[in-house]
Amino acid sequence: DSGVTQTPKHLITATGQRVTLRCSPRSGDLSVYWYQQSLDQGLQFLIQYYNGEERAKGNILERFSAQQFPDLHSELNLSSLELGDSALYFCASSSTPARYGQPETQYFGPGTRLLVL
Amino acid sequence: DAKTTQPPSMDCAEGRAANLPCNHSTISGNEYVYWYRQIHSQGPQYIIHGLKNNETNEMASLIITEDRKSSTLILPHATLRDTAVYYCIVRPFSGTASKLTFGTGTRLQVTL
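Residues numbered from 1 in each chain as written. Chains lettered and ligands numbered in written order. Predicted model: local features only at pLDDT ≥ 70, side-chain atom pairs only at ≥ 80, totals over all residues. Heavy atoms only, no water.

**Some thoughts on the overall build of chain B**
Argument step 1. Summing up its helical and strand segments, chain B has 0 helices and 9 strands in all.
Argument step 2. Computed over its C-alpha atoms, the radius of gyration of chain B comes to 13 Å, within 12% of the 13 Å expected for a compact globule of 112 residues.
Argument step 3. Considering only C-alpha atoms, chain B reaches an extent of 45 × 30 × 25 Å along its principal axes.
Argument step 4. Counting every position in chain B, which comprises 112 residues, the buried fraction comes to 45%.
Argument step 5. Long-range pairs, those at least 24 residues apart, make up 57% of the contacts in chain B with a sequence separation of at least 6.
Argument step 6. When the accessible surface of chain B is split by element, carbon and sulfur atoms take 49% of a total near 5,700 Å².
Argument step 7. Looking at charge distribution, chain B has the averaged site of its 10 positive side-chain charges lying 5 Å from that of its 9 negative ones. (Helix = DSSP H or I, 4+ residues; strand = E, 2+ residues; numbered from the N terminus. Rg over C-alpha atoms; globule rule 2.2 N^0.38 Å. Buried < 20%, exposed > 50% of the residue type's maximum accessible area, 1.4 Å probe, protein only. Contact = heavy atoms within 4.5 Å. Areas by Shrake-Rupley, 256 points an atom, 1.4 Å probe, with all protein chains shown as cover. Lys, Arg positive; Asp, Glu negative; His and termini not counted. Charge placed at Lys NZ, Arg CZ, Asp CG, Glu CD.)

Here you go:
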């Protein structure tokens, strides 16, 4: 158990709908990362938040957005869903921001499996 | 981030050591080598990381060559539960972006 929790575990929805995935980082971790894993793309970085602020963006679609709340949990919002958005979505957290020059270890949650029909 | 090259698959008998190689010939001086594994669609699990010295923890050992252009992850006594995809990742420890860039990894199959 990494200490990172994600809800829901499974999500089935229809095209055009909107869903929200939730992540609670390990106690004390300030950074939260979102990754998408689809069959044809592998594990892809989407976005990073640090202490409530967006820190870095990857290949995140404009239909997707995220935020990190004062209690440090994070939500990933996916809207206007398409069949191709079906994937595993992982959240990871870490305690050391890169700017301090320390090696950083990310710990992953169990993921949310999204199926768009 | 430096690119890594790993064999797509390997087999290992249960109880034997599993040695997973990784080439990272373009690694820079400030880049660490990280290993993660993913067991059947579960979240990636951190295993170990190192800069230039060999490292060991309760899960595995990491051997980094002197020129740092390659490394080997060693699972000393592989079990069936070690069957997974193993990812070797090279990334800097400083900077504003801290994403992990996953390649295709090595699929390790541990057999009886």
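Back to the write-up after that little detour.
**Some points on a nonpolar patch on the surface**
Argument step 1. Together, Ile12(A), Leu115(A) and Leu117(A) line one region of the surface with nonpolar side chains, adding up to about 310 Å² of accessible area.
Argument step 2. Secondary-structure assignment places Leu117(A) in the segment after strand E11 (112–116). (Patch = residues over 30% accessible without salt bridge, like charges linked within 9 Å, V, L, I, M, F, W, Y side chains within 5 Å. Salt bridge = Lys/Arg side-chain N within 4 Å of Asp/Glu carboxyl O.)

**Details of the sheet that holds strand E5 (residues 55–56) of chain B**
Residue and element names in this part refer to chain B.
Argument step 1. Ordered in space as E2-E7-E6-E5, the 4 strands form an open sheet in which the pairing is antiparallel. Of all the strands in the sheet, the pair left with one neighbour each is strand E2 (18–23) and E5.
Argument step 2. Pairing of strand E6 (residues 61–64) with strand E7 (residues 70–75) involves 4 bridges; the strand directions are antiparallel. Across the sheet, residue Ile64 finds its bridge partner in E7, namely Ser71. (Pairing = 2+ DSSP bridges.)

**Concerning the state of the cysteines**
Here, disulfide denotes a covalent bond that connects the sulfur atoms of two cysteines.
Argument step 1. Tallied over the entire structure, the rule returns 2 disulfides over all chains.
Argument step 2. Residue Cys23(A) pairs covalently with Cys91(A) via a disulfide, S to S 1.7 Å. When the S-S torsion is -45°, as for the bridge of Cys23(A) with Cys91(A), the disulfide is left-handed. In this pair, Cys23(A) is assigned in strand E3 (residues 19–24) and Cys91(A) in strand E9 (residues 87–94), connecting sequence segments 68 residues apart. Across the pair, Cys91(A) and Cys23(A) agree in class, each one buried.
Argument step 3. Paired by a disulfide, Cys22(B) and Cys88(B) hold their sulfur atoms 2.1 Å apart. Sign of the S-S torsion, about -80° for the bond between Cys22(B) and Cys88(B), identifies this disulfide as left-handed. Here the residue Cys22(B) occupies a position in strand E2, and Cys88(B) occupies one in strand E8 (residues 84–92), the gap between them amounting to 66 residues. Both residues of the pair, Cys22(B) and Cys88(B), belong to the buried class.
Argument step 4. The closest cysteine sulfur to the non-disulfide-bonded Cys12(B) is located on Cys22(B), 18 Å from its own sulfur.
Argument step 5. Given the relative accessible area of 7%, Cys12(B) is considered buried. (Disulfide = S-S within 2.5 Å.)

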